[in-house]
Amino acid sequence: MSTTDGARLHWEALGDTARRPAVVLLHGGPGLPDYLGDIAPMVADLAPVYRYDQRGTGRSSWRGRHSLARHVEDLAELLDAWQVPGAVLIGHSYGTDLASRFCLRYPDRVAAMLLMCGPFVGDWRTGDRAERGRRMSAAQRERLRVLEDLSHRSEEQEVELLTLAWFTDHSDPGRGWRRAALAARRRRPVNWSMNAELGREGRADPLDGHLAELRARLPVRTELLGGVDDPRPVSALESLALLLAVPLTRIEGAGHEPWAERPGAVRAHLRRFVRGAAGTRDLARGPR
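Rules used in this analysis
- Residues numbered from 1 in each chain as written.
- Predicted model: local features only at pLDDT ≥ 70, side-chain atom pairs only at ≥ 80, totals over all residues.
- Heavy atoms only, no water.
- Helix = DSSP H or I, 4+ residues; strand = E, 2+ residues; numbered from the N terminus.
- Expected span 1.5 Å × (residues − 1).
- Buried < 20%, exposed > 50% of the residue type's maximum accessible area, 1.4 Å probe, protein only.
- Contact = heavy atoms within 4.5 Å.
- 1 Å grid on protein atoms, 1.4 Å probe; cavity = no way out; pocket = protein on both sides within 12 Å on 5 of 7 lines; lining within 4 Å.
- Points joined across faces, edges and corners; volume = space filled by probe spheres on them.
- Nonpolar A, V, L, I, M, F, W, Y, C, P; charged D, E, K, R; others polar.
- Polar contact = N/O pair within 3.5 Å; in protein donor to acceptor, adjacent residues only side chain to side chain.
- Patch = residues over 30% accessible without salt bridge, like charges linked within 9 Å, V, L, I, M, F, W, Y side chains within 5 Å.
- Areas by Shrake-Rupley, 256 points an atom, 1.4 Å probe, with all protein chains shown as cover.
- Salt bridge = Lys/Arg side-chain N within 4 Å of Asp/Glu carboxyl O.
- Lys, Arg positive; Asp, Glu negative; His and termini not counted.
- Charge placed at Lys NZ, Arg CZ, Asp CG, Glu CD.
- Axes fitted to C-alpha atoms, helices over the stretch in contact; angles between N-to-C directions.
- Parallel < 35°, antiparallel > 145°, perpendicular 65-115°, else oblique.
- Left-handed = near helix turned anticlockwise from the far one by under 90°.
- Pairing = 2+ DSSP bridges.
- Right-handed = clockwise from strand over helix to strand, strands pointing away.
- Phe/Tyr/Trp six-rings, centres within 6.5 Å; stacked < 30°, edge-to-face > 60°.

*Asks:* Summarise helix α8 (residues 192-204); cite the residues concerned and give the values.
*Replies:* End to end, α8 covers 18 Å across 13 residues, agreeing with the expected 18 Å (1.5 Å per residue, within 8%). Listed in full, the buried residues belonging to α8 are Met 194, Glu 197, Leu 198 and Gly 199. Those residues of α8 that are buried are in contact with α2 (68-82) and α3 (94-105).

*Asks:* So what about the environment of Asp 205? Which residues, and what values?
*Replies:* For Asp 205, the position within the fold is in the loop between α8 and α9 (211-217). Judged by its relative accessible area of 35%, Asp 205 is partly exposed. Note: C-alpha distance between Asp 205 and Leu 68 (137 residues apart in sequence) is 10.0 Å.

*Asks:* I'd love a proper account of empty space enclosed by the protein, names of residues and values included.
*Replies:* Counted according to the given criterion, the structure contains 1 cavity of 30 Å³ or more. Forming the walls of the largest cavity are Arg 135, Phe 167, Thr 168, His 170 and Pro 173. The residue makeup of the lining of the largest cavity, split by class, is 2 nonpolar, 2 polar and 1 charged.

*Asks:* Outline the side chain of His 66, supporting the account with residue identities and numerical values.
*Replies:* For His 66, the location among the structural elements is in the loop between β3 (49-52) and α2. Exposure remark for His 66: the relative accessible area of 7% places this residue in the buried category. Here the side chain of His 66 touches His 71 through a polar contact of 3.0 Å, side chain to side chain. What His 66 contacts, discounting residues up to four positions off in sequence, is Arg 55, Gly 56, His 71, Asn 191, Met 194, Glu 197, Leu 198 and Glu 201.

*Asks:* Before we move on, could you go through a positive patch on the surface and cite the residues and values that matter?
*Replies:* Taken together, the side chains of Arg 125, Arg 129, Arg 200 and Arg 203 present a region of like positive charge at the surface. Every element with two or more residues in the positive patch is listed here: α4 (125-135) and α8. For Arg 203, the location among the structural elements is in helix α8. Classification of Arg 203 as exposed rests on a relative accessible area of 54%.

*Asks:* Could you give me a rundown of the packing of helix α5 (residues 138-149) against helix α6 (residues 155-166), with the residues and numbers involved?
*Replies:* The relative placement of two packed helices comes down to the angle between their axes together with the axis-to-axis distance. Where α5 meets α6, the axes come as close as 10 Å, and the angle between the chain directions of the two elements is 130°. With respect to their mutual orientation, α5 and α6 come out oblique. Here α5 runs over α6; the crossing is left-handed. Contacts between α5 and α6 involve Gln 140, Arg 143, Leu 144, Leu 147 and Glu 148 from the first element and Gln 157, Glu 160, Leu 161, Leu 164 and Ala 165 from the second. The class makeup of the residues in the contact of α5 with α6 is 5 nonpolar, 2 polar and 3 charged.

*Asks:* Outline the pairing of strand β7 (residues 248-251), supporting the account with residue identities and numerical values.
*Replies:* Across 4 bridges, strand β6 (residues 222-227) lies against β7 in parallel orientation. The residue bridging Gly 227 from the neighbouring strand is Ile 251, located in β7. Note that the unit made of β6, helix α10 (residues 234-244) and β7 has a crossover that is right-handed.

*Asks:* Kindly report on the packing of aromatic side chains, identifying the contributing residues and their values.
*Replies:* Tallied over the entire structure, the rule returns 7 aromatic pairs. With centroids separated by 6.4 Å and ring planes inclined at 10°, the aromatic side chains of Tyr 35 and Trp 259 adopt a geometry described as stacked. Here Trp 259 lies in helix α11 (residues 258-261) and Tyr 35 lies in the loop between β2 (22-26) and α1 (40-43), a separation of 224 residues in the sequence. A relative accessible area of 12% means that Tyr 35 is categorised as buried. Judged by relative accessible area, Trp 259 falls into the buried class, the value being 6%. A ring pair is formed by Phe 167 and Trp 177, whose centres lie 5.0 Å apart and whose planes are at 65°; its orientation type is edge-to-face. Separated by 10 residues along the polypeptide, Phe 167 in the loop between α6 and α7 (173-186) and Trp 177 in helix α7 bring together distant segments of the chain. In this structure Phe 167 comes out as buried when scored by relative accessible area, which is 5%. Residue classification places Trp 177 among the partly exposed residues on the basis of a relative accessible area of 34%. Linked through ring pairs, Trp 11, Tyr 50 and Trp 82 together constitute an aromatic cluster.

*Asks:* Outline the layout of surface pockets, supporting the account with residue identities and numerical values.
*Replies:* Estimates place the volume of the largest pocket at around 1700 Å³. As for the largest pocket, its lining consists of 50 residues, and the residues nearest its centre are Gly 29, Pro 30, Trp 124, Asn 195 and Arg 232. Elements supplying a minimum of two residues to the lining of the largest pocket: α3, α4, α5, α6 and α8. In terms of residues, the lining of the largest pocket owes the most to one element, α8, which gives 8 residues. The class makeup of the residues in the lining of the largest pocket is 23 nonpolar, 12 polar and 15 charged.

See below:
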């Protein structure tokens, strides 16, 4: 699909696209291609599931500047193209920030919202850095620092950097290393300029300053979900749940990608959530 400013957005759908409501998966990063393909089949028999590569990642070509507002508009234009008046948004990591900002801008287009492993507000980075440091050896910490400081990295150096940066996201260190090494080759290339641009904007205008407005605009069915062993402190999600007055589900034995470590628990929760988002009725064909 072409956006109004010329970006080409690649998207995929799974399930019967005539059914409503539709689910839209929002991947994290920012700067990574979509990686939520394992989640879509968990609920595609209940509702159509759309996912896409955000502009400048994967198969969505874009070489211009990035802004949070433009990424919000991309989602609005995709919903128009899909003829989806109101979507069930399921965001992960940075995707939860995108979902929240979309809800602030277009509350009437959000039928329900599940925020997985984010958004993190307040001073969560201090705890995150400390826990990641604890999970790494001194040699690993030093090697990651060296790789981050390189102005140019080879393919193998990039894979090594991403593996070191991501393996601490998982509950089990050994399996986490293998998962991170695989992801470091599949979730490529990383759009580092996009990551930097959106990161700067997010720090300049953090979601923290919009929480009261967000709470007022949230759909009735909004929930948080987090892995207890995510290095990003689950206490930050607990505080957010209180501020937004929404329920938080904690997945034991899981880190930042709970569907990878506890797929059964995540699948059950997602199915309950999507069923609930449709109300007491079965998901009927056509718009409502």
